[in-house]
Amino acid sequence: MLNFIASSDPKIWSAIKGELARQRSGLEMIASENFASPAVLETMGTVLTNKYSEGYPGKRYYGGNEFIDICEQLAIDRAKALFGAEHVNVQSHAGSQANLSAYAAILKAGDKVLAMDLACGGHLTHGAKVSFTGKNYQFQHYGVDKDTERLDYDKILFTAQEVRPKLIVAGASAYPRQINFSKFRQIADAVGAYLMVDMAHIAGLVAAKLHPDPIAVADIITTTTHKTLRGPRGAMILCALNDRLDPEGKKNLAQKIDSSVFPGSQGGPLDHVIAAKAVSLHEALQPSFVDYQKSVLANTAALGSALAAAGIRLVTGGTDNHLLLLDLNSINITGGEAEKLLDQAGFFTNKNMIPNDPRKPTDPSGLRLGGAALTTRGLTATDFASIGTTMANLLKNPTNSSALKEAKELATHLTQAYPLYPELNYDR
Ligand code: DSN
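Residues numbered from 1 in each chain as written. Predicted model: local features only at pLDDT ≥ 70, side-chain atom pairs only at ≥ 80, totals over all residues. Heavy atoms only, no water.

A. Up close: the pattern of salt bridges. Evaluation of the coordinates by the stated rule reveals 15 salt bridges. Salt-bridge contacts for R177 lead to D320; the nearest nitrogen and oxygen are separated by 2.8 Å. On the criterion of sequence distance, the pair formed by R177 in the loop between β7 (167-170) and α8 (181-191) and D320 in the loop between β11 (313-314) and β12 (323-327) is long-range, its members being 143 residues apart. Residue class for R177 comes out buried when judged on its relative accessible area of 11%. Residue D363 is joined to R359 by a salt bridge in which the shortest nitrogen-to-oxygen separation is 3.3 Å. What you see here is one network of salt bridges that share partners, running through R185, D189, D219 and R244. (Salt bridge = Lys/Arg side-chain N within 4 Å of Asp/Glu carboxyl O. Helix = DSSP H or I, 4+ residues; strand = E, 2+ residues; numbered from the N terminus. Buried < 20%, exposed > 50% of the residue type's maximum accessible area, 1.4 Å probe, protein only.)

B. Quick look at empty space enclosed by the protein. For the structure on display, the rule yields one cavity of 30 Å³ or more. The calculated volume of the largest cavity comes to roughly 80 Å³. Lining the largest cavity are 13 residues, and of these A172, Y175, I179, I202 and N321 lie nearest its centre. For the lining of the largest cavity, a count of residues per class yields six nonpolar, five polar and two charged. (1 Å grid on protein atoms, 1.4 Å probe; cavity = no way out; pocket = protein on both sides within 12 Å on 5 of 7 lines; lining within 4 Å. Points joined across faces, edges and corners; volume = space filled by probe spheres on them. Nonpolar A, V, L, I, M, F, W, Y, C, P; charged D, E, K, R; others polar.)

C. Structural view of the site of the ligand. Taken together, the residues surrounding the ligand are S32, H123, S173, H201, K227 and R368. A total of 230 Å² of accessible area belongs to the ligand in isolation, and the protein chains cover 63% of it. Applying the majority rule of atoms within 2 Å of the grid points places the ligand in the second largest pocket. In terms of residue class, the shell around the ligand is built from no nonpolar, four polar and two charged. (Near = heavy atom within 4 Å. Areas by Shrake-Rupley, 256 points an atom, 1.4 Å probe, with all protein chains shown as cover. Sits in = over half its atoms within 2 Å of the grid points.)

D. Summary view of the environment of D147. In this fold, D147 is placed in the loop between β6 (138-142) and α7 (153-163). The spatial distance from the C-alpha of D147 to the C-alpha of T316 is 8.6 Å, given a sequence separation of 169 residues.

E. A look at the pairing of β12. Burial of β12 is extensive: five of the five residues sit out of reach of the surface. Judged by which residues are buried, β12 turns out to be covered on both faces: L323, L325 and D327 on one side and L324 and L326 on the other are all buried. Where β11 lies against β12, two bridges are found, and the strand directions are antiparallel. Each bridged residue has a counterpart across the sheet, and for L314 the counterpart in β12 is L326. (Pairing = 2+ DSSP bridges.)

F. How the structure looks around the packing of helix α15 (residues 381-396) against helix α16 (residues 401-417). Two elements in contact, α15 and α16, have axes separated by 9 Å at closest approach and are oriented at 160°. Judged by the inter-axis angle, α15 sits roughly antiparallel to α16. Two packed elements cross with a definite hand, and for α15 against α16 that hand is left-handed. Facing D383, S386, I387, T390, N393 and L394 of α15, the residues of α16 in contact are A403, L404, E406, A407, L410 and L414. Taken together, the residues of the contact of α15 with α16 break down into seven nonpolar, three polar and two charged. (Axes fitted to C-alpha atoms, helices over the stretch in contact; angles between N-to-C directions. Parallel < 35°, antiparallel > 145°, perpendicular 65-115°, else oblique. Left-handed = near helix turned anticlockwise from the far one by under 90°. Contact = heavy atoms within 4.5 Å.)

G. Structural view of α15. Between its first and last C-alpha atoms α15 spans 22 Å; for 16 residues at 1.5 Å apiece the expected length is 22 Å, and the two agree. Looking at α15, one finds that the buried residues are D383, F384, I387, G388, T390, M391, A392, L394 and L395. (Expected span 1.5 Å × (residues − 1).)

H. Spotlight on the sheet that holds strand β15 (residues 366-370). Read from one edge of the open sheet, four strands run β11-β12-β15-β14, paired in antiparallel fashion. Whereas interior strands pair on both sides, the edge strands pair on one side only; in this sheet they are β11 and β14 (350-352). One ladder, built from five bridges, connects β12 with β15; its direction is antiparallel. Each bridged residue has a counterpart across the sheet, and for D327 the counterpart in β15 is G366. Docked against the sheet, helix α12 (residues 287-309) engages β11, β12 and β15, running at close to 15° with respect to β12.

See the structure below:
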């Protein structure tokens, strides 16, 4: 099917082929990325993209949705089974849209929200001034302890008691440790707030029961579907039926979420992506998905141990999830310089702020690494340890051509040993 593009739009075809070659030839360690299965990729390129289906299964504004309904209902049922959720909305286009819809379901403009500071590992949509969230709501932030670099739940309680937010948001984009959602529930209860968990990064680990589960304690959970969950690019909102703070309301929480997604903030759903979410959720329900997530944890830990053994400081001293945050001040290179240098070797990472970063967000002191994508490719803990040792050598000797050569050779060796998408042949 892709051969149609080759003749109708050679420029786009050439870019697609270039991107496949780039993904195949590099060691992908951006913590928010992964490789969706061929079945997920295939589903996104189907005729489902042609349909309009505003509304929900069985209640649409257009006719002809009998097959779309099957796909969306399967996605909903599978997400409910995977996470044990009471209600799931699978229509959010992306994580930011899921967060927008979740906030709009329960907040009015100007309401107070308490969330994790972007500079300590939070997310733009957790109230950064430049985001719609920071403009529409009154966000206050909690950070991490200066010494342990971990969440300090007593301090968060203290801040919540001062701020008296209507909503507390738990969840992060660059926090290498487990989050205790039960503690967040206690804090939310102590101040009469809703609790929302943004589990985008850790959804796969939660699904595999390898991370504390937010389902029983959070009012609303948002997640993307393409990170550790390994589905198509997109998002979902999971929630309890009951609205804890509005038990007598005309609508329950599930109805509020659904109408906040459509018609509140989105129009026609992306039916091809929703079907691909269903396909990936089916994959996540298989026992092999738990094995995959266990390997993600073991591999990320092996990468961290090798980097630490080579003298690179890990924020919090290590990891208990799929990501690592390196403090490069320990070796006198900036996050931006490190990202560029590693790119040259075929090691794909991203510069990132570290807690209390002395440098600017545009060239911070940290580097974020994740193990999910390379684990999908099949790399083992031994391979991850070799990557850590080689990466550390290059970062400590940025102008040494043999360190760069050695890193390039390792990237070539590993990417050839673990081919990506061998079933895709774009040159036919
Ligand atoms: N951009 C994602 C990440 O890298 O964590 C979050 O949206």
